[in-house]
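# Structure assessment
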Amino acid sequence: MKKFCTSPSILALLYAMIAGLWIIGSDWIVSVMFYQSPDLLVMAQQYKGLIFVLATALLVFAALKTWQNRLNRYINASPAVLYVLKKSGNEFIPEFVSDNIQSLMGYSANDCMHTDWWFSHLHPEDKARAASFSDNIAMDDHVTHEYRFYDAQDTIRHIRDEMQMIRNKKGEIIEIIGTWNDITTEKQQFQALQQAKVVFDSTHEGVMITDQNCRILNVNRAFAKVTGYELQEVQGRNPNFLSSGKQAPEFYQTMWRNIKGNGFWQGEIYNRRKNGEIYPELLTINEVKDEKGQPTHYIAVFTDISQLKASQKQLDFLSYHDVLTHLPNRFLLTTQLQQQIEICQNQKQGFALLMLDLDYFKDINDSYGHPIGDKVLQELAQRLQHHLPNQDAIARLGGDEFALWLYPLQQEQEAARLANELLQAINQPWLIENNDLHLSACIGISLYPDHGQSPEQLLQNADAALYRAKAQGRNSYAYYSQELTELARQRIELEAQLKQALQNGELKLFYQPQICLNSGNIIGAEALLRWQSSKHGMIPPSEFIPLAEETGLIRELGKWVLHEACQQGKSWLDKGYKIDRLAVNISAQQLLLDDIETQIQQVLDQTGFPHALLELEITEGALIEINTSIQPLLKKLQNQGISIAIDDFGTGYSSLSYLKRFSVDILKIDKSFVDDIETDKDDRAIIKAIISMAHSLELKVLAEGVENEQQRAYLAQQDCDFYQGYLTSQALPADEFIDFIANHQPHKN
């Protein structure tokens, strides 16, 4: 209603109604107004027309003034400044400027009613453009410009000037009505955005912006450079396609808990590039919230730290490794030895530390120069690593001095064997840049725990052993203990001779008869290996068989023994000598060969010896060592007719349980139980239990080492099936064994 009553047209209507009422009832109105003053009443009636005109004018003027004031308030309340320019000659001069220019520019409307004020407050760079604005408005009725003005505080204001042209009937512009809008804040925000965009695109850090649902909205050029993905390839996707898979789900759960709780997260993470390469990055994720505290965006900023990581890794490597050979240095060696000591303490094992030093290395540097010497050291490092079971167990201490360790150490002689291999490797020809070199070295050996309980002690004692080796002559090794040195040299010498024994024909097979306790007849023989050394004479198997097992030579020896025994057995059969079985020992190492079944079959095919007459003897210790993995093999051999015997039965730790696991035919009671059978009731009880248990499992029993009649008689009393030993015959060469068979007379029970 208020708005309606204040409209100018409504006011004019009201005034017209009042005027009409005045005309109709003017006499009555005059009488009412001046009835108390007769003189004035007469005058009013005479001039009532003039009074009507004046009253009406006053009312209209008041209404127009009210409307004008209200309109000015409306105009001044607007953020836009309204102005009117009137054409005067060739110029347009200000005719009206709204009062709100005061709040915009700090000048009153009257100050701005001069053309000079407008141009004097323009920014110098905009004056030329403003002066020629008439060229731009000639054809357009609506023109918009942007200018910079200085306000009363000499602050630059960005103004958007919008002008509407008023034309006469001839199309000539006679008036311009325009508005000024302050766009300074808008410009500043735009400039800030432009600056942010420059920073966004030019920064070396990758930037990714997502919405509250983690859908990618924008990425910068660094993101594309690091990941290989352009904006159009990732926009709208969840960033989880960048995941490398190296972090567990718990990692991301913790990350998001931090973002939700603290508003940000920072840390190292591995992501995947477009080409599939995994790389490390330092990532910061910030949560952006609105005025209500609700997340609207997430901004991720990351730096590819691949080079930093590589540099750090290289620095760490150089801190713990030798620059020339890339082997661990003394500092890292000490740490590794301490770790090795702790392992050995927990596992109750030992290890050997070897310290190696080249002979006369200084002469190489003096004669050929240090570059050649460096290449020698690099080549030496490679040769040492090639002969080590664990290639990481080697370090360069400085100069031509190296250290290496051997773990696990089953026997002390293993260190000497390795030392001998290394010395032989160093003695091989060297060709360094067309220079033929001949090198040798010395090695000192210390053993944990006998020669030291700490890395420093072991190194010190290995160094002392090294000097002992040098004092004894070049190209040699020495233990910290002189006694160990001598024993090791003997073992190494024996090992070398054993390797030549096969080629020199020093190894022979002897055969010990196996007798049936019930009938006294010879039912077979066990093939036993003997070494008739040209240098040391007869060497017992107890000395060279363990050596062959340590060196791995047992595999070659075992194959030779099997072939030789089967060939001899076939020869006896061809000559008409009857033999029910031929027992051949087979080692644990042979059983572990992938092709052992094929080897056995090839030997039988080559020699023609029957499967049914072959008996393979496996020690109980070997069965315990290799566990149940050979059960399928034993079953296959039995299916081919080959008998399986457990040798040295009763010396193991789980004898009875192993009988249930393995497919066997015969138990051989160890000689240690037979030796005291006459006097030791425990041995008699054990033998009785073994025989009873074996028969209950339908196994045959053979007693070893029977040397007198009392032993044989007790075994017969307990229903033992077979025996072998000196009571009947020692092991014999093949030709003597045949004579024994021919002349043997069965005994009577």
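Counting from 1, residues in each chain are numbered in the order their sequence is written. With the structure being a predicted model, the display of local features is reserved for residues of pLDDT at least 70 and the display and counting of side-chain atom pairs for 80 or more, all residues being used for whole-chain, interface and lining totals. Each side-chain value is worked out from all heavy atoms of the structure, with water and hydrogens disregarded.

### Overview of the pattern of salt bridges
The test is simple: Any Lys or Arg side-chain nitrogen found within 4 Å of a carboxyl oxygen on Asp or Glu counts as a salt bridge. Here a strand is any run of E in DSSP of at least two residues, a helix any run of H or I of at least four, and the numbering for each starts at the N terminus. Throughout this description, buried means an accessible area under 20% of the type-specific maximum (1.4 Å probe, protein chains only), exposed means over 50%, and partly exposed covers the range between.
The tally for this structure, following the rule as stated, stands at 31 salt bridges. Of the charged contacts in the structure, one is a salt bridge between Arg330 and Glu401, with a shortest N-O distance of 4.0 Å. Separated by 71 residues along the polypeptide, Arg330 in helix α15 (residues 330-347) and Glu401 in strand β13 (residues 401-409) bring together distant segments of the chain. The buried category is assigned to Glu401, whose relative accessible area is 17%. In this structure, the salt-bridge partner of Lys570 is Asp574, at a minimum N-O distance of 2.7 Å. With Lys570 and Asp574 both in helix α22 (residues 553-574) and four residues apart, this pair spans about one turn of that helix.

### Overview of unusual backbone geometry
Cis geometry is found at the peptide bond from Tyr407 to Pro408, where omega equals -5°. By the element assignment, Pro408 lies in strand β13. Positive phi is not limited to glycine here, since Asn434 has a value of about 65°. Although it is not a glycine, Glu698 sits at a positive phi angle of roughly 60°. You can see Glu698 is positioned in the loop between α29 (681-696) and β25 (700-704). The class for Glu698 is exposed, based on a relative accessible area of 75%.

### A closer look at the sheet that holds strand β10 (residues 295-304)
As a reminder, the rule being used: A strand pair is defined by DSSP finding two or more bridges across the two strands. Only the stretch in contact is used when a helix axis is fitted, and all axes are lines through C-alpha atoms; the angle between N-to-C directions ranges over 0 to 180 degrees. Here, two residues are considered to be in contact whenever any of their heavy atoms come within 4.5 Å of each other.
If you trace the five strands from one edge of the open sheet to the other, you get β7-β6-β10-β9-β8, paired in antiparallel fashion. The sheet is open, and its two borders are formed by β7 (216-219) and β8 (264-272), each paired with just one other strand. Taking each pair of neighbouring strands and ignoring which way they run, the sheet shows an average axis angle of 25°. As paired elements, β8 and strand β9 (residues 278-289) share nine bridges and run antiparallel to each other. Bridge pairing in β9 places Tyr270 opposite Pro280. Helix α14 (residues 306-320) contacts β8, β9 and β10 of the sheet and is inclined by roughly 130° relative to β9.

### Looking at the nonpolar core
We count it as follows: Buried residues of nine kinds, namely Ala, Val, Leu, Ile, Met, Phe, Trp, Tyr and Cys, make up a nonpolar core once their side-chain atoms join them within 4.5 Å.
Within the largest apolar cluster, 77 residues are counted, with the highest numbers of intra-cluster contacts made by Tyr511, Ile600, Leu614, Leu616, Leu667 and Ile687. The leading source of residues in this core is α22, at eight residues. Ranked by size, the runner-up nonpolar core spans 37 residues in total, among them Leu354, Phe361, Ala419 and Ile492.

### Looking at the packing of aromatic side chains
The description of an aromatic ring pair uses the distance of the two centres, along with the angle that the planes make with each other. Put simply, the rule is: Aromatic pairing here means that ring centres of Phe, Tyr or Trp (its six-membered ring) are within 6.5 Å. Orientation follows from the plane angle: under 30 degrees is stacked, over 60 is edge-to-face, and everything else is tilted. Only when the NZ atom of a Lys or the CZ atom of an Arg is both within 6 Å of the ring centre and within 35 degrees of the ring normal do we say a charge sits over the ring.
One pass over the structure, following the stated rule, counts 16 aromatic pairs. Measuring from ring centre to ring centre gives 5.4 Å for Tyr107 and Trp117, while their planes differ by 75°; the resulting arrangement is edge-to-face. A residue pair is termed long-range when its members are at least 10 positions apart, and Tyr107 in the loop between α6 (101-105) and α7 (115-120) and Trp117 in helix α7 qualify at 10 residues. Ring plane angle 35° and centroid distance 5.5 Å describe the contact between Tyr320 and Phe331, whose orientation is recorded as tilted. Residue Tyr320 is located in helix α14, and its partner Phe331 is located in helix α15; the two are separated by 11 residues in the primary sequence. With a relative accessible area of 33%, Tyr320 lands in the partly exposed category. Three or more aromatic residues joined by ring pairs make a cluster, and in this case those are Tyr83, Tyr107, Trp117, Tyr147, Phe149 and Trp180. Above the ring of Tyr270, the side-chain terminus of Lys246 is found at 5.2 Å from the ring centroid. For the cation-ring pair, Arg581 lies above Phe722, with the distance from its terminal atom to the ring centre recorded as 4.6 Å.

### Some points on the sheet that holds strand β16 (residues 441-448)
Ordered in space as β12-β13-β11-β16-β17, the five strands form an open sheet in which the pairing is mixed. The open sheet terminates on both sides in strands that have one partner only, identified here as β12 (394-398) and β17 (476-479). Taking each pair of neighbouring strands and ignoring which way they run, the sheet shows an average axis angle of 20°. Alignment of β16 against β17, held across four bridges, turns out to be parallel. If you follow Ile443 over to β17, its bridge partner there is Tyr477.

### A short note on the confidence of the model for the protein chain
Selection criterion: The predictor's confidence in any single residue is recorded as pLDDT, a number from 0 to 100.
Here the protein chain shows a mean pLDDT of 83. Residues at 70 or above account for 85%. The least confident element of the protein chain, judged by mean pLDDT, is helix α1 (residues 2-5) at 38; the most confident is strand β26 (residues 722-724) at 94. For the stretch residues 1-7, pLDDT sits under 50, and the model shows five contacts to residues farther than four places along the chain or on other chains.

### A closer look at the pairing of strand β22 (residues 614-619)
With five of six residues buried, β22 lies mostly within the body of the structure. Examined bridge by bridge, strand β21 (residues 581-585) and β22 share four bridges and lie parallel to one another. Bridge pairing in β22 places Val584 opposite Leu616. Across five bridges, β22 lies against strand β23 (residues 643-649) in parallel orientation. Residue pairing for β23: Glu617 is matched across the bridge by Ala645.

### What to know about the side chain of Thr227
The test is simple: In the analysis that follows, any N or O atom pair within 3.5 Å is treated as a polar contact, provided that within protein one partner can donate a hydrogen and the other can accept it, and provided that, for residues neighboring in sequence, both atoms belong to side chains.
In this structure, Thr227 sits in helix α11 (residues 221-227). Classification of Thr227 by relative accessible area gives buried; the value is 1%. Here Phe223 takes part through its backbone oxygen, which lies 2.8 Å from a polar atom of the side chain of Thr227. Setting aside residues up to four positions removed in sequence, Thr227 forms contacts with Leu242, Arg273, Lys274, Tyr279 and Phe302.

### Focus on the side chain of Asn220
Locating Asn220 in the fold gives a position in the loop between β7 and α11. Excluding anything up to four places from it in sequence, Asn220 contacts Phe200, Asp201, Thr203, Glu205, Gly206 and Val207.

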